[in-house]
Amino acid sequence: MAGSGSGFVATLTVAALATVGFLGYQARATVPADLSAPRPSASPAVNAAKKPREGKESAALPAGSGTGVRVVYSMGGDRVWLVGEGDSVKRTFRVTPGSVDPAPGVYAVTSRSNTITGSDGAPVEHVVRFTSVEGITIGFSAAVDGSTLPPNPSVKTGGIRESRTDGTAMWDFATIGRAVAVIP
């Protein structure tokens, strides 16, 4: 009986990996030319001494941020757009990045958790994950206490913090497989 259970788990694991691979292929196939260009470095930014960024104040959807229904995350502007059909912006809001950045590109939401403890030890909710960098998971989340403080520069964190209201909107919009376009 133990053999059939492990076979079932192995089958589910293979199916999950195939699904994630297929969704990644689909996301990559719809990447605009400017986002699919070779990346300038082999590794995304991991900087334990990252300072708060000078955020761009424009709330307009950036040109070259992809097409289709997607989440757009501007690392330089510390802003997110939830984009619906026909490039209609459903919502935009400011975020506070973690100390580890993903590389620019198009990803897909890979997992979600309603409530967990964040990599900084804070209780968080509405966690939407889309990649990892050197073993550090990158995703959007809202602190249960509502704080959006900058991360401790001595701790590598991948949580991109949003308000609780924005976190609820992200949770409702960014389901498994939803495209996430990360722009510089």
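Higher on the page you've got the structure.
The rules behind the values
- Residues numbered from 1 in each chain as written.
- Predicted model: local features only at pLDDT ≥ 70, side-chain atom pairs only at ≥ 80, totals over all residues.
- Heavy atoms only, no water.
- Helix = DSSP H or I, 4+ residues; strand = E, 2+ residues; numbered from the N terminus.
- Buried < 20%, exposed > 50% of the residue type's maximum accessible area, 1.4 Å probe, protein only.
- Contact = heavy atoms within 4.5 Å.
- Areas by Shrake-Rupley, 256 points an atom, 1.4 Å probe, with all protein chains shown as cover.
- Polar contact = N/O pair within 3.5 Å; in protein donor to acceptor, adjacent residues only side chain to side chain.
- 1 Å grid on protein atoms, 1.4 Å probe; cavity = no way out; pocket = protein on both sides within 12 Å on 5 of 7 lines; lining within 4 Å.
- Points joined across faces, edges and corners; volume = space filled by probe spheres on them.
- Nonpolar A, V, L, I, M, F, W, Y, C, P; charged D, E, K, R; others polar.

**Q** What exactly am I supposed to notice about the overall build of the chain here?
**A** When helices and strands are tallied, the chain shows two helices and nine strands. When each of the 184 residues of the chain is scored for burial, the buried share is 38%. Here the analysis covers contacts within the chain between residues at least 6 apart in sequence; of these, 55% occur between residues at least 24 apart. Carbon and sulfur atoms form 60% of the exposed surface of the chain, whose accessible area is close to 9,500 Å².

**Q** I'm lost on the environment of R161 in this one. Help?
**A** Inspection of the secondary structure assignment puts R161 in strand β8 (residues 159-161). Note on R161: relative accessible area 10%, which makes it buried. Taking the C-alpha atoms as reference points, R161 and R94, 67 residues apart in sequence, are found 9.0 Å from one another. Ignoring anything within four residues of it in the chain, the contact list for R161 reads V95, T96, G118, D120, A122, V124, S141 and A143. Within the structure, the side chain of R161 is placed 3.1 Å from the side chain of D120, a separation counted as a polar contact.

**Q** Help me understand the layout of surface pockets in this model?
**A** Empty space among the atoms can be located by rolling a probe the size of a water molecule over them. Reported here for the largest pocket is a volume of approximately 340 Å³. If you go around the largest pocket, you meet 27 residues; those closest to its centre are G118, S119, S141, G159 and R161. Residue assignment for the lining of the largest pocket shows that the elements contributing at least two residues are β5 (111-117), β6 (123-133), β7 (136-143) and β8. Sort the elements by how many residues they give to the lining of the largest pocket and β7 lands first, with five residues. Its residues assigned to classes, the lining of the largest pocket shows ten nonpolar, 14 polar and three charged.

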